[in-house]
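Chain and residue survey
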Amino acid sequence: MSASVQVTQKLQKLQQQQQCESSCYLSSTSAVQQQSFSSYKTSSRRQKTTVKTEKRQEVVKLSPLPKRAKRTYLAMDTDKEVIGYVIPVFRANHEVVRGLMEAQEEEEVTEEGIHYVAMRNLFVREAREAVDVKVEKKTRSTHIRESAGRMELSKTMEEWAEFRKKMNPDSLTHPPEFIVKPRGQTVWEGRTVRLHCTAAGWPKPRVAWYKNNVLIDAKARPQKYTIESSYNMHSLEIKNCDFMDTAQYHASALNVKGEASAVATVVVKRFQEGEEAGPLDPKPHGFCAEHGVTFETTIIDKFEVAFGREGETLSLGCTVIIYPTVKKYQPEVVWSRNSVPLKPSQWVHTHWSGERATLTLVHLNKEDEGMYTLRVNTKSGFDTYSAYVYVRDADVEVEGVPVAPLDVRCHDANKDYVVVTWKQPAVEGSSSILGYFVDRCEVGTHHWAQCNEAPVKYARFPVTGLVEGRSYVFRVRATNKEGVSRPSRVSDAVVAMDPSDRARLRAGPSAPWTGMIKFTEEDPTVGVVPGEPSDVVVTEATKSYVVLAWKPPVQRGHEGVMYYIEKCISGTDAWQRVNSGMPVKSPRFALFDLAEGRSYSFRVRCCNSSGVGEASASTGEITVGDKLDLPSSPGNPVATRNTDTSVVVFWGASKDVKYLVGYYVEYSEVGTDVWTPCNNKPVKQTRFVCHGLTTGSNCVFRVKAVNAAGYSQSSSASEAVVVKAAISVPGRATSVTLLEAAKDYMMLAWTEPANKGGADIRGYFVDYRTVKGDVVGKWHEMNLKALTTTSYKAENLKENVFYQFQVRAMNMAGVSEASLPTSALECKEWTITVAGPPVGLHVLEVRDTSAVVLWERPAFDGRAPVSGYYLDIKEASAGEQGWKAAHEKANKTKYMKVTGLKSGASYDFRVRAQNLAGVGKPSAVLGPILARTRPGTNEIHVDVDDDGVISMIFECSEMKEGSEFVWSKNYQTITDTSRLTLVTEQGRSRAIFNSPSLEDLGTFSCVVTNTDGFSSSYTLTEEGLKRLLDISHDHKFPVIPFKNEMAFELLEKGRVRFWTEVEKCTSACQVDYVFNDVIINEDKKYTVNFNKSTGIIEMFMDSLEISDEGTFTFNLVDGKAKGTTSLVLIGDEFRELQKKSEFERAEWVRKQGPHFVEYLSFTVTPECDVLLKCKIGNVRPETQITWSKDSIEIAEDDEDAQKIERNDGDLTFNIGKWVIKQEKPKGKEGKRPPAEDVPPPPRPKISKADAGTYQVLLRDDRGKDKSVFDLTDAGYQAVMNELFRVIANSSCGIKVISTEHGIILYSMITYYNEELRVGWLHKDAKIAASERVKSGVTGEQLWLKINEPTEKDKGKYTMDIFDGKDGVKRVFDLTGKAWEEAFEEFQRLKAAAIAERNRARVVGGLPDVVAIQEGKSLNLTGNVWGEPAPEVRWTKNDKELATDERYQLKFEHGKFASITIAAVTTADSGKYALLVKNKYGTEAGEFTVSVYNPEDEENKEGKKG
């Protein structure tokens, strides 16, 4: 520091002596530590100079920078921490830089690198131009020691200056000054502008903002301005800028010492439409030079306020019309949320089709909630549209758990550390949130690991233990007493890496010509223990953790350092190392498991491969606890009406709140204690529009603030407000027409406004003005008092003068705009004789296919009274030619229901009046009227209450303030209450008939005023009145309805149950049980029961006696309702019931011991096994089960005993089971029995021998029971019929197969019995057995053989199998393709058989091998066969032989072929073959001839010996 000060003093002296215009600047260490390196451009060229050192070496020197281009040479991260040196871009060419590097290499300095030389030259380059500087070589360690000394000296001087200031307080105060002034900005309309400034001064100045010298009150317009002041940083935010925000903005800082101000100009750009500019005039912004046109943008089919649910997909869209259309020109479509442009991602998809802009939000989450804006930019300007999107929470899996947190973000990422923040959800569940769990997942995997064992209360958590260089995503889950919420949406991926590396990656190349210049050198600091860290502070402290931060040491070498953290409990001197096992790489660390309320001190040590450095200075005592307080409760909310489904809520901001996240608004309907969130994403404004409310509901609202510490207390509830549209002035009156004119007056009429502004029209005001040619006068009021009708007689007018009229409507909110003026009307007497046009046309009861049109009589009847009306109708899209009459005869009433309309079509209506003179002019057109039933429309329904009172009920869910129900009969308002009594309760009106009679017939209608036409009607006819009177009588004199009349039921033990069931009854219903007109009381004989919840009435009797014959009755009384039901039991019916009762009692006694649940019967299985079966119950191990046949018991060693099986309570006897008798052999054990002992083949499934009477007897000490089955005669035949049925149904469809003899039709069955009758039919005629056609059975195959089939055998074949009743038929149609294929196959097989029989072949006579002595004669004869006689050839070694002197070949009688070889030699050895051939085939008989010489054989044996 001292060297820097000396250089500065020398420079100042030199400047004073030379009075030089240029100035130089030498940055101090403190200034370097407070700024980041920035690159500045300068327009002046810098000159190259050289300076000679003591070694006479020339060093390249650059001229100093201008004063405005101040530089720092230390690189800082985002937390203002020094992370290294930054080498600026050299303002010299390549040759100079290369020469500088080569000069240093020649000096062979190994301890000092090139970038240290560059740094030293850069720090003193300005001073070298003015003074001769002595350059000496320094090592890195020397340089660091000198730097540390300078820093220590600077710190001492600063402390001394601070002490002097404290000794003289007056010197501390100074007027305000702006360190950072606000900068002017130019933006587009719709954007948000932020102006920032920093003001210094003592005392601390207060800053106010002005617009064109007018103070800005941000609290009065929170939706427009936001003013913030934090740590001397002051900002003004201007939201949604428009053209009127173009102004000069002043920031004024004021304290006791004075005032300072700074000015910034904000220009909001938009396209100004005006007169067309000339070709040489400057073009306004937005002129499309390449097309030469000005575009007009219109947005239609706009999306409304939307509601979605988490996990759903939501699409927003608008149709955009660009006029004029230019080929290949497309506008820029930008979507934004809360004024932040959206970019396509996995959650956001945008699409522009050329006409429609669509935004699709995939898998909605609460982060997607907000104000969405579509902005369409063209060359001529822009157009925007905005609407709010609400995202509701998805259904929770467990009732009462909180919903998912939102907006998970990552901050302050380091090598092994990152801070995760999130926002609390709007709904905590059934209990308060206890804390949050943070999960992490490495990018590229699907494994989520929980980062904290115990839930953290703060919405901020430091995650440690990350692996350097890897990317992570995070999510958060909330927990309360009920459980854990669903996880939030995952955060953006973050890389665990050093901030300096991240800064270098973001910075990119710093040199414009070759990219980043990197200087490397040999590491001179290997083996150096790092120094101590500095500025160890506690950045965060909560109940759960404490976060430390520090600055890396100056002396740390090039290999990087790691850190150990130590803590010391207050009151002790013992330092404990927190992370002894794993040093951390980042200059931040989070400590957990600290005792709340206790004080600790902390310090940090650096380490590397050379060792552990000295400890840093202690932080001092830090008490563990929350530093961030919960926000205070917001101010009282005020709710005001907005629309039919929304309310605007204002509230006061929370006071003295730090790091406010936003506010949540909740509402509750009056009378309930259920609070529902209006927004699921916190908002920072103090105004919010709550949409999605129920029309007509009475709601209160409350607000709670939220920051990282948690939720504030909810504000007090607002005053109740009814959800309905706010009252506004009505719309314009329409269709102002002239009804009648005279010499001094005119009769005017008009139609009331379609939009009444949410309140009844209280009156109208008529204005007039005179018209003379093209000159019009001023408007004058004709009536000072509001008119209550839609017609007016304008009097005191001048004859033959032209007038124009206009009408204004009035309600409680004010007076509307004037209607369109009429055309110029002349005041003169009419001479027409027909009636004038009807007035006051309006419609009621508009439905999809009908509407009711009403009108008033004309103001001018003509020369005769009006006798009727005609209604005309046309579709709105049709021209004047489209008018047609809605009816043929004149309508006498002033209303008419038009039917047959098309749903969704629009119609126009008009009415003409008729008198004796004819039909007058039509009325003003009413329409267009859309034929569509309005959502929420109800119809009048007729109700008859329990007292028989008949009433008509009409309900309306969209009642507004001042709305009333108006009842009419035949569309005339009911004023006489003698026939009807009207009762109205909120949105429900009831018209009660006092005494219904024929006088009440007619059409009753009800209209709800101050709504958009909610109305309905009901026509009461004579038939309908009669039906209602019948229902009324039933209600006055009610009868208890029975679902079932009295019935009886036989129960176990022979008990009899009498019962009935009523449709409905009250708890006061009483029952009298009557037998033969005598009331029965409950006793031993009778048991009664009346279940009023189910309506079942019961009476039980244990048994029936002779005296119980008679009539049983239930008499019911329920208030004034009565009911009776009876049951008559006499004669045969009674005796039969008594007999059944006695039988059931006997059965119950039988079942107390072993008994048969199902008696003995038979069944035939699909395998055709005949089984006798029964089911037994209540048996014990000691219960005896005895089978017998024909009264002869089947013993255990009998053959039939093996046929008996028992499976729990099921007993079976398999009649056809094949039993093999196992007898011990008489011979030795293990000896195979003789062949005669092999068991016989299986016996039939059933035969006559199995007939007989079978019995099963159950017996033990509790009793006995038996069951008998007669398997004789009819019983045997029934079993056989069932067996035949199973066999017949097991048969498959008839199949066909061909043989060499003919065609076979066959079917397979499961089992065949000799008694089974099978018949075959051909063309429905029975086939007689013959030699050519035969039928039979082979195993389980039923077949029909047709030998030598002919064309006569074609046709339908039927196999009829007897099944015990009608028989089962299987049909096969042997025609067409089936016949052709079968017959063709038969012929093929037949020909093949013939060919096989007649084929030429060698029958025998030839040996396989012939061994013959040389010189002998060989004669072989082969027997051959073939029809016709075959041709014969002999071959030797595949060569044909011919008869010659050596070979004699003969073929005699067509059967014998012989070969003779005289005096064979060894040359005759070889493979011979006899080849025979005829037209059916060829065959060869092969043999081998071996000729041997005895002498040769002896010689061979001799050699072997």
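Because the structure is predicted, anything quoted here is derived from the model rather than measured.

What counts, and where the lines are drawn
Residues numbered from 1 in each chain as written. Predicted model: local features only at pLDDT ≥ 70, side-chain atom pairs only at ≥ 80, totals over all residues. Heavy atoms only, no water. Pairing = 2+ DSSP bridges. Helix = DSSP H or I, 4+ residues; strand = E, 2+ residues; numbered from the N terminus. Axes fitted to C-alpha atoms, helices over the stretch in contact; angles between N-to-C directions. Expected span 1.5 Å × (residues − 1). Buried < 20%, exposed > 50% of the residue type's maximum accessible area, 1.4 Å probe, protein only. Contact = heavy atoms within 4.5 Å. Polar contact = N/O pair within 3.5 Å; in protein donor to acceptor, adjacent residues only side chain to side chain. Core = buried A, V, L, I, M, F, W, Y, C linked by side-chain atoms within 4.5 Å.

Observations concerning the sheet that holds strand 10 (residues 225-230)
On the basis of which strands lie adjacent, the open sheet formed by four strands has the order 5-7-11-10 and antiparallel pairing. Looking along the sheet, the strands with just one partner apiece sit at the ends: strand 5 (174-180) and strand 10. Across the sheet, the mean angle separating the axes of adjacent strands is 25° when strand polarity is ignored. Alignment of strand 10 against strand 11 (residues 233-238), held across six bridges, turns out to be antiparallel. Paired with T226 across the strands is E237, a residue of strand 11.

Let's talk about helix 9 (residues 1274-1290)
For helix 9, with 17 residues, the first-to-last C-alpha span of 24 Å sits near the 24 Å given by 1.5 Å per residue. Within the span of helix 9, buried status applies to G1275, Y1276, V1279, M1280, L1283, F1284, V1286, I1287 and A1288. Buried residues along helix 9 sit against strand 80 (1155-1164), strand 81 (1170-1177), strand 87 (1263-1271), strand 94 (1355-1361) and strand 95 (1368-1374).

A few points about the side chain of R847
With respect to the element layout, R847 can be found in the loop between strand 56 (839-844) and strand 57 (850-856). For R847, a relative accessible area of 11% puts it in the buried group. At 2.8 Å, the side chain of R847 and the backbone oxygen of S1015 are in polar contact. Once you skip the residues sitting within four places of it in the chain, R847 turns out to touch A931, R932, T933, T937, N938, E939, S1015 and S1016.

What about the pairing of strand 101 (residues 1447-1452)?
Here strand 101 runs beside strand 102 (residues 1456-1461); their pairing, made up of six bridges, is antiparallel. Looking across to strand 102, one finds that K1450 is bridged to S1458. Counting the residues that bridge the hairpin from strand 101 to strand 102 gives three residues, and of these H1453 lies at a positive phi of roughly 60°.

Remarks on the environment of T973
Mapped onto the elements, T973 comes out in strand 67 (residues 972-973). Spatially, the C-alpha atom of T973 lies 9.3 Å from that of C1006, the residues being 33 residues apart in sequence.

A closer look at the sheet that holds strand 57
Spatial ordering of the open sheet is given by 56-57-60, a layout of three strands whose pairing is antiparallel. The outermost strands of the open sheet, each flanked by one partner alone, are strand 56 and strand 60 (895-899). On average, adjacent strands in this sheet sit at an angle of 20° to one another, irrespective of strand direction.

A short note on the nonpolar core
L1160, I1246 and L1283 are the most contacted members of the largest nonpolar core, which totals 50 residues. With eight residues, helix 9 is the largest single contributor of residues to this core. Ranked by size, the runner-up nonpolar core spans 30 residues in total, among them V408, A413, V463 and A496.

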